[in-house]
Amino acid sequence: MKHENGHQPQNVNVSSWERVLSAGTGTLILSKSLGRSLPGTVIGAALAYRGLSGHCHLYDVLSISTANGEHPVGQSEVRRIVTIDAPQNEVFDFFRNRPDRFDLIMTPLVESEILGDDRYRFQIKGPFKTYETVTRVISSEKPLGFEWESESGDVEHRGSVKIRETRQGTEVEVEVKYQIPGGEITTALARLTGMAPNETLERALRQVKAHFETGEIPTVDGQPRGAGKSDSTGMEN
Amino acid sequence: MKALVYHGKMDVRVENVPDPQILNPKDAIIEITRTAICGSDLHLYHGLLPALKSGDILGHEFMGVVVEIGSKIEKLQKGDRVVVPFTISCGNCFHCTKDEYSLCDNTNPSVRLAETAYGYPTAGLFGYSHMLGGYAGGQAEFVRVPFADVGCLKVPDSVSDEKALFLSDIFPTGYQAAENANIKDGDTVAIWGCGPVGLFAIKSAQMFRPEKIIAIDGVDERLDLARHIGAVTIDYRTENPLTRLPELTGGRGPDACIDAVGMEAHGHGPGAIYDKAMHLLRMQTDRPNVLRQAIHTCRKGGTISVPGAYIGIIDKLNLGTAFGKGLTFKMGQTHVQKYMKPLLDKIVNNEIDPTFLITHRDSLADAADAYQRFSEKADRCIKVVLDPKMVSQKVSEPAEATAVPSL
C-alpha cells in the first residue's frame, strides 16, 4: 500500500488506544517474564516499545497503519504475481471466462455465481461472517487481462488481472483494492486465521499454477493422522 | 492401520489411525513392506522442527507394493513393487524438468508457512513437518503417494526389499553429496558424520576415484564401519579435526568437504559449547559446528557439499573465511528421482550392496523403542529397518548380514 500522505513523524503507524494497550500489556508481560522466559521477555519488550514509540514493524511489513490520517481506515490493497507454465491465452480464458472456477480453487473461502452480463456474485468467508458482493467486469483485452469493480454488496473493491508472456512462462499479476467492513481489526484477525486476502490470493494463485502444470491441486486434507495431544491445527493444512 | 505418530519431543507412539485414501487423480496407495528410520527423523524426534504437529505420521524412507491407483496414473499398476523417493515432485514444473525435484513448485500445500520461511515453497516431503507440506509419512502399514508416476520406481525381482529400500533417501543423498563435492580423480575428501548418509557419501565418493577419504565422527561403531569400507578416520573425541585434517593432506586441506551431520552437530571445544548454549536458549535453530570446521579446514578454492539438514538460522558462521578462501558451496535436499534409476542399476550390477549399514531389524510395532535406541546410539545402532509384518519383539535381534567384523 502506498502511503501517499507520507509517514507521520517518527513513523507512527499505531493508533492512540492501541498504543496504550500495547504499552500496558507489554509492561505486564515483561514484568512477569523478565529472567524467567526469554520469548516472554522479547515479546513483552517488543509490545512495550510498540506502545511507547507508536511504531509497529509488523504493521510496516504488512502495510497497515491504524494511526489517524494516514489513509482511509480499512482500505487495503493486495497484489501477487505467479508464473504459470501454460499458454497466455489459456491462462487468460481461465481467469476471464471461468470466474466460477474461483470457488473450485479457493474452497472453502469463496463461492461464486454467474449472473450474466459479465456480472458475478461472490460470497467470501471472513473471520466474523460471510460477505457478499456483486462485481462487474469493466474492461477486458484478450489475452492481456481485465479489470472489475464491485457494484453492490458488503465489500467495496476493484481489481485487475494482468497476463504477460515471458520466456519463463506466463506471468499473472492480480491486484485487488478493497474496503473491508470492520477495517483494520477485521483484516488483522483475518491475517491471524490465515484468511487474509494476501494469503488467500497467494494460495489461490499457487493452486491455479498447480492446476495448469500438473492437472491437480496438492492437498493433505483427508489423509490419516494420529490422535496426538490435540486435534487443533492452528496452522494451515 | 498402524502408524508411528509424533506426540511431542522424544515421544513417538505406534497407534491405529485411519487407512489412507486416494485424494487426487495422480495418487497411489502403497502397502509398505519395509520402512526405515532416518537420521533426519531424529531432528523431528528431538523436537527441532516447529512446524511438526502432535498427531503427524513420520517416516520418509519406505517401499512397498501398489494396492490402489488414482484415475490419472499411467505407469503403475496394482501389484507393482516400488521404492518411493522422500521428495514429492510433480514432474512438470520449471524445477522438475531440470531434474531439481526437491525444489518442485507444485507439491507443497503449505504455501504460507513455506514462503515465510524460504521466500518460495519447495517440494513437499513425506512425514517432515507442515512447512514441507504436512504429508503423512511412511512409518506405517500404508501410505498415500501423490504424483506416484513421478515418484515410484519399480524394483526388479532380482533386487530384495532391503537392497532397494535406501534408494528412497540415504543412498541418493550420499551420492548427491559426493557429486556436489566436485571430486576429481586423486582428490582428498573429508566427510563429517559417519551415520547412514555419511557412510553412503563415503561409498559414493569412492565412485569418483579420490585418492583418500577421511571420515570424522565420535561414535566407535560408526568409525569402525567407515574404516571397514575404506575411509581413514578421525575420532573427534580424541583428535582435533582442525589440526588433523591439514596433517593428513600435506598441509593443503581436503579438496572437498562434506557435512553429513547438519543442524545437530555435537563435537568438542568452544564452538560446540557456544552452539549448544545458543540452541538451548533458542537463539539459533541449528548448530553449525561442523560447517565451521569444514570452512576452516577445506583447501583454498575447494568445495563444501552439505547433505546434512539445516532448517533455520545459524550464528557465528565464518563466512569471511569461506569468502577469503574462495570456497564453493553446494547443498540442499536431494533430487531423489534424478538418482534412483542409475543407482538401482549399480545395485543390480552388484557395484554396491546398500544393506552394509543395517544394524537392526524391528517390527513397525516396536518403532518407538527403535527411535529411542537410534537416538541414544545404544546397542551399536547405525541403521534401523522396520518391517510392518514382523511380529513385535521386546528386544530386537541384531542384524544377520552386517558387514562390520567387530560387531
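Residues numbered from 1 in each chain as written. Chains lettered and ligands numbered in written order. Predicted model: local features only at pLDDT ≥ 70, side-chain atom pairs only at ≥ 80, totals over all residues. Heavy atoms only, no water.

Overview of the overall build of chain A
Then step 1. The number of helices and strands found in chain A is seven helices and seven strands.
Then step 2. Helices (α) and strands (β) of chain A occur, in sequence order from the N terminus, as α-α-α-β-α-α-β-β-β-β-β-β-α-α.
Then step 3. Counting over 237 residues, chain A shows a buried share of 44%.
Then step 4. Relative to all contacts within chain A whose residues are 6 or more apart in sequence, the contacts with residues 24 or more apart total 53%.
Then step 5. With an accessible surface of roughly 12,600 Å², chain A has 54% of that area assigned to carbon and sulfur atoms. (Helix = DSSP H or I, 4+ residues; strand = E, 2+ residues; numbered from the N terminus. Buried < 20%, exposed > 50% of the residue type's maximum accessible area, 1.4 Å probe, protein only. Contact = heavy atoms within 4.5 Å. Areas by Shrake-Rupley, 256 points an atom, 1.4 Å probe, with all protein chains shown as cover.)

Points about the overall build of chain B
Then step 1. Assigned secondary structure in chain B consists of 13 helices and 18 strands.
Then step 2. Its C-alpha atoms give chain B a radius of gyration of 20 Å, near enough to 22 Å, the size a compact globule of 407 residues would have.
Then step 3. In terms of overall dimensions, chain B has a C-alpha envelope of 60 × 45 × 40 Å along the principal axes.
Then step 4. Within chain B, the proportion of its 407 residues that are buried is 61%.
Then step 5. Element-wise, carbon and sulfur atoms account for 52% of the exposed surface of chain B, whose accessible area totals about 15,400 Å².
Then step 6. A distance of 4 Å separates the average location of the 43 positive side-chain charges in chain B from that of its 49 negative side-chain charges. (Rg over C-alpha atoms; globule rule 2.2 N^0.38 Å. Lys, Arg positive; Asp, Glu negative; His and termini not counted. Charge placed at Lys NZ, Arg CZ, Asp CG, Glu CD.)

Points about the state of the cysteines
All names here are of chain B.
Then step 1. Per the stated rule, a full pass over the model turns up zero disulfides over all chains.
Then step 2. With no disulfide of its own, C93 lies 3.7 Å from the sulfur of C96, the closest cysteine sulfur.
Then step 3. For C104, which is in no disulfide, the shortest distance to another cysteine sulfur is to C90 and amounts to 3.7 Å. (Disulfide = S-S within 2.5 Å.)

Focus on the interface of chain B and chain A
Then step 1. Listed as interface residues are 45 residues of chain B and, on the opposing side, 33 residues of chain A.
Then step 2. Between chain B and chain A lies a buried interface of about 3,200 Å² when both sides are counted; carbon and sulfur atoms form 51% of it.
Then step 3. When residues of chain B are sorted by the area they lose upon contact with chain A, K53, N106 and R112 of chain B head the list and together hold 20% of the total.
Then step 4. Our count for the chain B to chain A interface comes out at four salt bridges.
Then step 5. One salt bridge in this structure joins R225 of chain A and D56 of chain B, with 2.7 Å as the shortest N-O distance.
Then step 6. Inspection of the region where chain B meets chain A yields 15 residue pairs in polar contact (both at pLDDT 80 or more).
Then step 7. Those elements that provide at least two residues to the side of chain B that touches chain A are β1 (2-8) and α2 (111-118) of chain B.
Then step 8. For the side of chain B that touches chain A, the leading source of residues is α2 of chain B, giving four residues.
Then step 9. Residues that form the side of chain B that touches chain A fall into these classes: 22 nonpolar, 12 polar and 11 charged. (Buried area = accessible area lost by both parts, 1.4 Å probe. Salt bridge = Lys/Arg side-chain N within 4 Å of Asp/Glu carboxyl O. Polar contact = N/O pair within 3.5 Å; in protein donor to acceptor, adjacent residues only side chain to side chain. Nonpolar A, V, L, I, M, F, W, Y, C, P; charged D, E, K, R; others polar.)

Considering the packing of aromatic side chains
Then step 1. Applying the stated criterion across every chain, the model contains 11 aromatic pairs over all chains.
Then step 2. Seen in terms of ring centroids, F166 of chain B and F200 of chain B are 6.1 Å apart; in terms of plane orientation they differ by 65°. Their pairing is edge-to-face. In this pair, F166 of chain B sits in the loop between α4 (161-165) and α5 (170-180) while F200 of chain B sits in helix α6 (residues 196-206), placing the two residues 34 residues apart along the sequence. Across this residue pair, the class does not change: F166 of chain B and F200 of chain B are buried.
Then step 3. Of the aromatic side chains, those joined through ring pairs into one cluster are F166, F171, F200 and F356 of chain B.
Then step 4. For the cation-ring pair, R96 of chain A lies above F146 of chain A, with the distance from its terminal atom to the ring centre recorded as 5.6 Å.
Then step 5. Taking NZ or CZ as reference, K203 of chain B lies 4.9 Å from the ring centre of F356 of chain B, over its face. (Phe/Tyr/Trp six-rings, centres within 6.5 Å; stacked < 30°, edge-to-face > 60°. Lys NZ or Arg CZ within 6 Å of the ring centre and 35° of its normal.)

Observations concerning unusual backbone geometry
Then step 1. Residue P143 of chain A is reached from K142 of chain A by a cis peptide bond, and omega for that bond is 0°.
Then step 2. Residue placement: P143 of chain A occurs in the loop between β4 (130-141) and β5 (145-153).
Then step 3. In this model, D117 of chain A sits at a positive phi of 55°, which is unusual for a non-glycine residue.
Then step 4. By the secondary structure assignment, D117 of chain A is in the loop between β2 (110-116) and β3 (119-125).
Then step 5. Its identity is not glycine, yet S129 of chain B carries a phi of approximately 80°, on the positive side.
Then step 6. Turning to its location among the elements, S129 of chain B is positioned in the loop between β7 (124-125) and β8 (142-145).

Observations concerning the packing of helix α8 (residues 241-248) of chain B against helix α10 (residues 289-297) of chain B
Residue and element names in this part refer to chain B.
Then step 1. Between α8 and α10, the shortest axis-to-axis distance is 10 Å and the interhelical angle comes to 35°. Pair α8 / α10 crosses with right-handed handedness. Residue-level inspection shows P241, L242 and L245 of α8 in contact with α10, the latter providing Q293, H296 and T297.
Then step 2. Each residue belonging to the contact of α8 with α10 can be placed in one class, and the counts come to three nonpolar, three polar and no charged. (Axes fitted to C-alpha atoms, helices over the stretch in contact; angles between N-to-C directions. Left-handed = near helix turned anticlockwise from the far one by under 90°.)

Concerning the confidence of the model for chain A
The predicted coordinates should not be examined in detail at positions where pLDDT is low.
All names here are of chain A.
Then step 1. With 70% of its residues at a pLDDT of at least 70, chain A reaches an overall mean of 76.
Then step 2. The spread of mean pLDDT over the elements of chain A runs between helix α5 (residues 101-105), the lowest at 56, and strand β6 (residues 156-166), the highest at 92.
Then step 3. Here residues 1-10 is a poorly scored stretch, pLDDT under 50, and it has 14 contacts once near neighbours within four places are set aside; other chains count. (pLDDT = per-residue confidence, 0-100.)

Some remarks on the environment of I295 of chain B
All names here are of chain B.
Then step 1. With respect to the helices, strands and loops of the structure, I295 is situated in helix α10.
Then step 2. Overall, the relative accessible area of 0% leaves I295 in the buried class.
Then step 3. Taking the C-alpha atoms as reference, I295 lies 47 Å from D19; in sequence the two are 276 residues apart.
Then step 4. If we skip the residues at most four places from it in the chain, I295 touches I304, L317, N318, T321, A322, K325, L327 and F329.

What about the pattern of salt bridges?
Then step 1. Summed over all chains, the structure comprises 41 salt bridges over all chains.
Then step 2. Between R34 of chain B and D387 of chain B there is a salt bridge whose closest N-O contact spans 3.3 Å. Here the residue R34 of chain B occupies a position in strand β3 (residues 28-37), and D387 of chain B occupies one in strand β17 (residues 384-387), the gap between them amounting to 353 residues.
Then step 3. When salt bridges with common partners are traced through the structure, they connect E77, R79, R164, E171, E173 and E175 of chain A into a single cluster.

Some details on the confidence of the model for chain B
Residue and element names in this part refer to chain B.
Then step 1. Per-residue pLDDT for chain B averages 92, and the proportion of residues at 70 or more is 92%.
Then step 2. Every residue in residues 401-407 scores below 50 in pLDDT, and together they form 13 contacts with partners more than four places removed in sequence or on other chains.
Then step 3. The ipTM for the predicted assembly is 0.86, set against a pTM of 0.82.

Details of the sheet that holds strand β12 (residues 232-235) of chain B
Strand pairing in a sheet takes place through backbone hydrogen bonds and is either antiparallel or parallel in direction.
Residues and elements named next belong to chain B.
Then step 1. Spatially, β12-β11-β10-β13-β14-β15 is the arrangement adopted by the six strands of the open sheet, whose pairing is parallel. In this open sheet, the two strands that pair with only one neighbour each are β12 and β15 (328-331). Direction aside, the axes of adjacent strands within the sheet are offset by 20° on average.
Then step 2. Here strand β13 (residues 256-259) runs beside strand β14 (residues 303-306); their pairing, made up of three bridges, is parallel. Looking at the pairing, A256 lines up with T303 of β14. (Pairing = 2+ DSSP bridges.)

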